[in-house]
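# Coordinate inspection notes
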Amino acid sequence: MASYGNNNNRYGGQRLGVTEPISLGGPTEYDVSKTQELEKYLENVGLYESQEEAVQREDVLGRLDQIVKVWVKTISRAKGLNEQLVQEANAKIFTFGSYRLGVHGPGADIDTLCVGPRHATREEDFFGELHRMLSEMPEVTELHAVPDAHVPVMEFKFNGVSIDLLYAKLSLWVIPEDLDISQDSILQNTDEQTVRSLNGCRVTDQILRLVPNIQNFRTALRCMRFWAKRRGVYSNVAGFLGGINWALLVARICQLYPNALPNMLVSRFFRVYTQWKWPNPVMLCDIEEGSFGLPVWDPRRNPKDRYHLMPIITPAYPCMNSSYNVSSSTLRIMTEEFQRGNDICEDMEANKADWNTLFEHHPFFEAYKNYLQIDINAENAADFLNWKGWVESRIRTLTLKIERYTYNMLQCHPHPGEFSDKSKPFHCSYFMGLLRKKEVPAGEGEKFDIRMTVDEFKHSVNMYTRWKPGMEIRVGHVKRKNIPAFVFPGGVRPSRPTKSSGESRRTVEGKTSAGPVVETSSVCKSGFDKPEDGRKRKRENDDTVARCSVSFASSSGVGHIGNSVSTASSLVKLHCVDTNGVSEARGDAVDTDMTDSQNSELNGYSHKIPSPTTLPAPAVLLNFKEAETLAIEKVMSGPYAGDQKTEPDLDELENDLETANHVEYPENTIKQPEESIKPSLVNATHGAAAAAAASSTSFAMDDLEELELSELAMPVPVPINPAPAINKPLIRLSFTSLGKATSSSR
């Protein structure tokens, strides 16, 4: 193994990051073996594209580069430029994202950027002339322009390859072929949309410069992306993390363990981020002010930056928080998943688990007893595509609204994807698990009413400036047993898992092996329990098990607008009672990533680790882990520690909604109210008056209890101090709704 001395700040002459590495230890035979297993596993699950597909992608990118060169000459001639300038006019295609990082899989989109000269405008030329040229090409299909997005984009398929194309207009008259967009000078005299469009390429290139070993980084990142998708935490738009976020997190681990192979990088990923104290930021390099006055992330000076819960900072100027979508609920879910991953990696080191265990699918539709179901539909494919993209971008606001208006006592778990019922054209559904915060004691005296919150969300969604007749949204409460079958693979609802004390499993209902299983109980958490020699792993989220029972009070009501079937109002009350879980602390596993021939250096702490065949003394292993914990604490310390607040800034998120143009509804349809009344909390009661009806819907939701507001009004309570008394029983989660009075909902 190579020795790197005590030079902790640099690796091969390259700065590793904002702190010293945690360990400079190299790989062992165990790491080499496990890394080979990991690479084989990733290959077997189909994460690598074929050589034929790789060649096809290169051909498509070359063809696209030729098209934009023809396009820029065409618009230059149309604008009256002389022939010399027309011949010199140029545009260039760059790639970024997973394709540029080298971690894309079969069928993945290619994120591309078109860089054009100062006279090629975004609105008229890029979304006008270039869009027209692409639409007339037979090899281009599914062309869809989103000019009003935060980062304007054209999406299409070129010979079957999915392309996301951004545009950046530079202040240059001529774009050189050897243009280097990593230089900060490229940002001079550019508009905000161009800065955001350039940011993807600049960040991707900077990441590749800041990792010590690109191949190890790519394998570890490919693994973590696959893990995040399997565990349901891969989605920036849903409030989790997207591709660039995971890349930054993995790159930081590579900096902290520069000589580690992917097996150890994955293990240390979970170990570090399980102990990470958010909102301490993750940064690959120091934040520089730059010379163009562009705003950079700095909670010491920018009040809005103080509300970011999980800041992951981009390394290229202007440095931004790439994970501002994260909410308290999604952060909780991800930290629980990090803990689960850390536990499994420790079991793998003790030969008690394998890669299959780590990559198990998250049983989302078994994890909760109550869900929100969001259904949308439109009249044709084009409208549905636009409507779907708009609704997806707003779903996270529903999570934030529920968190804020229930003071984080009711938490949400949004599923990161949509589901389609093949029998309903231009229709899809989104789901959100509902969970009482486990630290909140349960009681009978208070309740939450989220009707007004749902109404606000629907009102904001229906403010879509491109709304057309037929674009509809409906939100309702659905119980786990009534989840529609089309969400399951093959449209077949799986049978309930049987309990076996000798098998590894995720607990989804009742207790594990000890005690009876109550018929109406539900474990509303995401834990991972695996019996080991009669013991259960000690887990943070094993502290509480929610035993939930549902009761209904029905009364006659008026049929839902657009539905000829009469409905009834149902009061759904979710009573949650804590029960003590049974758990024991498990013994520490042998840390097999270093042998007795290798010195582990942890920020000045160095000792020898015994060989895996000899069990280390508990004190030695404890000292090793304590040293690593101290090193992680040191990594988190910095100029931004302690500057964040814990309450997300929902007003900032909704600024674009507040200033949006009012939707022009056609005659005979319901218009949205001019103002929305925000609900208040009285003695932990979340009630509000109904403001107006939501948009009319025409599709049936047999098992869904619609959270409509126009027929059920409650007095608006007078707001008082919202902080609940700690010693008071708190939770009765009630979902008051209009729905069909069916036998299944009584």
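Located above this text is the structure these notes cover.
Residues numbered from 1 in each chain as written. Predicted model: local features only at pLDDT ≥ 70, side-chain atom pairs only at ≥ 80, totals over all residues. Heavy atoms only, no water.

Once that is clear, we can look at the packing of helix H1 (residues 29–44) against helix H9 (residues 262–275). Between H1 and H9, the shortest axis-to-axis distance is 7 Å and the interhelical angle comes to 85°. Comparing the axis directions of H1 and H9 gives the class roughly perpendicular. Between H1 and H9, the contacting residues are Tyr30, Asp31, Lys34, Thr35 and Leu38 on the first element and Pro262, Asn263, Met264 and Val266 on the second. In the contact of H1 with H9, the residues fall into five nonpolar, two polar and two charged. (Axes fitted to C-alpha atoms, helices over the stretch in contact; angles between N-to-C directions. Helix = DSSP H or I, 4+ residues; strand = E, 2+ residues; numbered from the N terminus. Parallel < 35°, antiparallel > 145°, perpendicular 65-115°, else oblique. Contact = heavy atoms within 4.5 Å. Nonpolar A, V, L, I, M, F, W, Y, C, P; charged D, E, K, R; others polar.)

So, about the environment of glutamine 193. With respect to the element layout, glutamine 193 can be found in helix H6 (residues 192–210). Sequence separation of glutamine 193 and tyrosine 167 is 26 residues, and the distance between their C-alpha atoms is 8.7 Å. In this structure, glutamine 193 is in contact with Arg122, Glu123, Pro147 and Pro152, ignoring residues within four places of it in sequence.

Our next topic: the pattern of salt bridges. One pass over the structure, following the stated rule, counts 33 salt bridges. Here glutamate 83 and arginine 77 are joined by a salt bridge, their closest N and O atoms 3.3 Å apart. A relative accessible area of 44% places arginine 77 in the partly exposed class. One salt bridge connects glutamate 192 with arginine 196, and the closest N-O pair in it is separated by 2.7 Å. Taken together, the residues span about one helical turn, with glutamate 192 and arginine 196 both in helix H6 at a distance of four residues. Residue classification places arginine 196 among the buried residues on the basis of a relative accessible area of 17%. A network of salt bridges, in which partner residues are shared, links Asp65, Lys69, Lys92 and Glu177. (Salt bridge = Lys/Arg side-chain N within 4 Å of Asp/Glu carboxyl O. Buried < 20%, exposed > 50% of the residue type's maximum accessible area, 1.4 Å probe, protein only.)

Here strand E5 (residues 140–146) runs beside strand E6 (residues 153–158); their pairing, made up of five bridges, is antiparallel. Note on E6: the bridge partner recorded for valine 140 is phenylalanine 158. Linkage of E5 to E6, two consecutive antiparallel strands, is achieved through a turn of six residues. (Pairing = 2+ DSSP bridges.)

Counting through the fold element by element, tryptophan 387 comes out in helix H13 (residues 381–405). Residue classification places tryptophan 387 among the buried residues on the basis of a relative accessible area of 0%. Between the alpha carbons of tryptophan 387 and methionine 471 there is a distance of 6.7 Å; along the sequence they are 84 residues apart. Those residues in contact with tryptophan 387 that sit more than four places away from it in its chain are Ile376, Asn377, Val461, Asn462, Tyr464, Trp467, Met471, Glu472 and Ile473.

Now for the packing of aromatic side chains. In this description, an aromatic ring pair is defined by two values, namely the gap between the centres and the angle between the planes. According to the stated counting rule, one finds 31 aromatic pairs in the structure shown. Geometrically, the ring pair formed by tyrosine 273 and tryptophan 278 is stacked, given 6.2 Å between the ring centres and 15° between the ring planes. Ring centres of phenylalanine 419 and phenylalanine 431 lie 5.9 Å apart, and the angle between their planes is 70°; on these two criteria the pair is classed as edge-to-face. Taken together, the residues phenylalanine 419 in the loop between strand E9 (410–414) and strand E10 (427–436) and phenylalanine 431 in strand E10 connect sequence positions twelve residues apart. An aromatic cluster of three or more residues is present, and its members are Trp227, Trp246, Phe269, Phe270, Tyr273, Trp276, Trp278 and Phe338. Cation over ring: lysine 92 sits above phenylalanine 94, and NZ or CZ is 5.6 Å from the ring centre. Of note, lysine 229 hangs over the ring of tyrosine 234, and the distance from its end group to the ring centre comes to 4.8 Å. (Phe/Tyr/Trp six-rings, centres within 6.5 Å; stacked < 30°, edge-to-face > 60°. Lys NZ or Arg CZ within 6 Å of the ring centre and 35° of its normal.)

A separate point is the pairing of strand E7 (residues 161–169). Burial runs high along E7: eight of the nine residues are buried. Alignment of strand E4 (residues 110–116) against E7, held across seven bridges, turns out to be parallel. Paired with aspartate 111 across the strands is aspartate 164, a residue of E7. Two elements, E6 and E7, share five bridges in a ladder whose sense is antiparallel. Pairing of glutamate 155 across the sheet is with aspartate 164, part of E7. Linking E6 to E7, which pair antiparallel, is a turn of two residues; within it asparagine 159 sits at a positive phi near 50°.

This part is about the packing of H6 against helix H8 (residues 243–256). Orientation of H6 relative to H8, taken along the N-to-C sense of each, is 15°, at an axis distance of 10 Å. Between H6 and H8, the interaxial angle falls into the category roughly parallel. Between H6 and H8 lies a crossing whose hand is left-handed. Every residue of H8 that contacts H6 at Val203, Ile207 and Leu210 is listed here: Ile244, Ala247, Leu248, Ala251 and Gln255. (Left-handed = near helix turned anticlockwise from the far one by under 90°.)

Right, let's get into the sheet that holds strand E3 (residues 92–96). Strand order in the open sheet formed by five strands is E3-E4-E7-E6-E5, with mixed pairing between adjacent strands. Edge positions in the sheet fall to E3 and E5, since each has one partner strand and no second. Averaged over all adjacent pairs, the angle separating strand axes in this sheet is 25°, with direction ignored. Across five bridges, the pairing between E3 and E4 is antiparallel. Looking across to E4, one finds that isoleucine 93 is bridged to cysteine 114.

An α-helical segment advances 3.6 residues per turn. Residues three or four places apart therefore align on the same side. Here H6 contains 19 residues, and its C-alpha end-to-end distance of 26 Å stays within 8% of the 27 Å for a straight helix at 1.5 Å per residue. Of all bends in H6, the biggest is about 35°, found at asparagine 199. Of all 19 residues that make up H6, 15 are buried, and the element is covered over most of its length. (Expected span 1.5 Å × (residues − 1). Bend = angle between axes of the 7 residues up to and from the residue.)

This brings us to unusual backbone geometry. Residue proline 279 follows tryptophan 278 across a cis peptide bond; omega there is 15°. The topology assignment puts proline 279 in the loop between H9 and helix H10 (328–349). Cis geometry is adopted by the peptide bond preceding proline 318, which originates at tyrosine 317 and carries an omega value of -5°. Take proline 318: it is sitting in the loop between H9 and H10.

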